[in-house]
Amino acid sequence: MADKKLKPEEMANIDYRPPQKDWMDAEVEFRRGSYCYSAPLKNQEMLQLPNPRQWNPQDADWKLPPDWKQIILDGMKDRLDKYRSWRLFLDICVRCGACADKCHYFIGSGDPKNMPVLRAELIRSVYRRYFTAGGKIFGRLAGARPLDEKIIKEWYYYFYQCSECRRCSVFCPYGIDTCEITMLGRELLNLVGCSTEWVVTPASNSFRTGNHLGIPPHAFKQSLEFAQDEVFGITGIKVDVPINKKGAEILFVTPSADYFAQPHWFTLLGYLMLFHEIGLDYTFSTFASEGGNFGLFHSADLAKSLNAKIYEEAKRLKVKWVLGGECGHMWRVLHQYMDTFNGPASFLEQPVSPVTGTKFDNAKSTKMVHICEFTADLIYNGKLKLDPARNDRWKVTFHDSCNPARSMGLFEEPRYIIKNTCNHFYEMPENTIRERTFCCGSGAGLGPDENMEMRLRGGFPRANAVRYVREKHGVNLLACICAIDKASFPPLLEYWVPGVETAGVHELLGNALVMQGEKERETDLRGEPLAGEEENGGKQASV
Ligand code: SF4
Ligand code: SF4
């Protein structure tokens, strides 16, 4: 991280003055701390990506294939024919500027090419030059520019400074989704072999061992058994952890970080406790041991094949439907792409809660239910005994993770769970939550440590809102429902708002859940002394 020594007050001193050079002429400087490393050769080969080679973004020569320009232009043509939305987004921007100051990377860096309108212009200018009459005739006057290697480098730099969060689209009067422009920009880069390590390696691991982290099946099993022991230590109850159980009613899929990283781990403990308490007939899978889908940050083809793994496994295990854990982009794939990728999953049944009988109509086609929908329904129907006082050491705020918020509208369910499991909950300012939420700064494959300065800059607006509730209400915990959030917030908050920790919503549920036959709890799921219990030994959740 180049600017490791930059103090927060120095990092926050952002220069918003426009640069001297015309944006069309500016060249990219690959500054350490603000770009992602290239994919290693062995993983490019594993995924059979085009133009596999060892290369480095800081090299002058990127070893592009000899016909790289034709590959890119053919790739653009294919996609313009295939995706009407893309052509529309490239055609209709009126450069009104409503999106300009809405991107967290622009707010945190002051770099105009991080304004959504200008980010899109990086590719729109090439589109104009080769695919519009005005651009062909008037060239630069019409905002068109010829494709050269500098532009390929610029795309790599700025399409990996977009976390595909879609915040800008909320403010665009035409609904232009710059995220979609970025996604297709990355696809074009991939055609000539320019992809990043932090996207390609997890994706290749998913094909090799079943999950992003490359955890083999036996280690996955051991980890779940270790979680089982931890739950026993805290509650005195031995929960079941079924794996690859054929004929189970439900396949449970969650990000691999949940069973290997912290603070994700405590969310996993919460799931296991919940499933035991309601007697859920479910199974984990070693083949589908990953809910996340880093293919989404690479190309539609890769996202589609990773998504297919979950459904192949659901078919093999003969389950009725799929329950998904706290993840961000898994839900974007499910809600926006699953049906055209691999759906509808007609071989599965429409999900029905075995405890409350609630039919999840929203999952009629995908047959997959979000754990927050499932748990909120249990609480709403009075099926869980909860003691919110056990979370009294926390003053909690909630971060709407971009994908569940903007791609599926999951605003109320996590809040409902938090309000029933915690006594102290405070919202961040209105313009930073729900559909207007700010990204953590590390989504869509931007989370490697070598990109730390950009992550800290991109996370600055979110951290600023956390600081507000920290100073106003003494908030010391940020709850969220995304594995990338859980990984990116600890260093981000430590930098900008020390004293605020990060947790999954189901960790809070696990703390509050009063289980039948449990011993008197002395610690919370983190092993910290329990805050205290209500005198009545827990309260029945109410609407
Ligand atoms: S808000 Fe929409 S129309 Fe306006 S500049 Fe941004 S992308 Fe273009
Ligand atoms: S999708 Fe998010 S990261 Fe990308 S330009 Fe829009 S606001 Fe910025």
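The shown structure was predicted, so the numbers you read here are calculated from the model rather than taken from an experiment.

Definitions and cut-offs
- Residues numbered from 1 in each chain as written.
- Chains lettered and ligands numbered in written order.
- Predicted model: local features only at pLDDT ≥ 70, side-chain atom pairs only at ≥ 80, totals over all residues.
- Heavy atoms only, no water.
- Axes fitted to C-alpha atoms, helices over the stretch in contact; angles between N-to-C directions.
- Helix = DSSP H or I, 4+ residues; strand = E, 2+ residues; numbered from the N terminus.
- Parallel < 35°, antiparallel > 145°, perpendicular 65-115°, else oblique.
- Left-handed = near helix turned anticlockwise from the far one by under 90°.
- Contact = heavy atoms within 4.5 Å.
- Nonpolar A, V, L, I, M, F, W, Y, C, P; charged D, E, K, R; others polar.
- Near = heavy atom within 4 Å.
- Patch = residues over 30% accessible without salt bridge, like charges linked within 9 Å, V, L, I, M, F, W, Y side chains within 5 Å.
- Areas by Shrake-Rupley, 256 points an atom, 1.4 Å probe, with all protein chains shown as cover.
- Salt bridge = Lys/Arg side-chain N within 4 Å of Asp/Glu carboxyl O.
- Lys, Arg positive; Asp, Glu negative; His and termini not counted.
- Charge placed at Lys NZ, Arg CZ, Asp CG, Glu CD.
- Buried < 20%, exposed > 50% of the residue type's maximum accessible area, 1.4 Å probe, protein only.
- 1 Å grid on protein atoms, 1.4 Å probe; cavity = no way out; pocket = protein on both sides within 12 Å on 5 of 7 lines; lining within 4 Å.
- Points joined across faces, edges and corners; volume = space filled by probe spheres on them.

Explain the packing of helix H3 (residues 68–82) against helix H10 (residues 178–191) to me, please; I cannot follow it from the model alone.
Two quantities define a packed helix pair, namely the angle between the helix axes and the distance between the axes. Two elements in contact, H3 and H10, have axes separated by 9 Å at closest approach and are oriented at 140 degrees. Considering the angle they form, H3 stands oblique to H10. Both H3 and H10 take part in a crossing whose hand is right-handed. Of H10, the residues touching H3 (which contributes Ile71, Ile72, Gly75, Met76 and Arg79) are Leu184, Glu187, Leu188 and Leu191. Its residues assigned to classes, the contact of H3 with H10 comprises six nonpolar, one polar and two charged.

Help me out: how do you make sense of the packing of H3 against helix H4 (residues 84–92) in this one?
Viewed as axis vectors pointing N to C, H3 and H4 meet at an angle of 105 degrees, and their least axial separation amounts to 5 Å. Of the possible angle classes, the one that applies to H3 and H4 is roughly perpendicular. On H4, the residues that touch Met76, Arg79, Leu80, Asp81 and Lys82 of H3 are Arg84, Trp86, Arg87 and Leu90. Broken down by class, the residue content of the contact of H3 with H4 amounts to four nonpolar, no polar and five charged.

How should the site of ligand 2 be read in this particular structure?
Inspection of the region around ligand 2 gives 13 residues, with Cys103, Cys162, Cys165, Arg166 and Cys168 positioned closest. The set of elements that each furnish at least two residues to the shell around ligand 2 consists of helix H5 (104–109), helix H6 (116–131) and H10. Of the residues belonging to the shell around ligand 2, the class tally is seven nonpolar, three polar and three charged.

Explanation requested: a negative patch on the surface in the structure shown.
There is a patch of like negative charges on the surface, built from Asp59, Asp61, Asp148 and Glu149. By secondary structure assignment, the location of Asp148 is in the loop between helix H7 (133–138) and helix H8 (149–159).

It is not clear to me how a nonpolar patch on the surface should be interpreted in this structure. Could you clarify?
A grouping of Ile137, Phe138 and Leu141 is seen on the molecular surface, where their side chains present a nonpolar patch of about 410 Å² in accessible area. As for its placement among the helices and strands, Leu141 is situated in the loop between H7 and H8. Judged by its relative accessible area of 80%, Leu141 is exposed.

Looking at this structure, how should I read empty space enclosed by the protein?
Rolling a probe over the atoms, with the probe sized like a water molecule, indicates the empty space that remains. Considering all chains together, one arrives at four cavities of 30 Å³ or more under this definition. Its boundaries defined by the atoms lining it, the largest cavity holds a volume of some 170 Å³. For the lining of the largest cavity, the secondary structure elements donating two or more residues are helix H15 (329–341), helix H17 (402–407) and helix H21 (483–496). Taken together, the residues that form the lining of the largest cavity break down as nine nonpolar, six polar and three charged.

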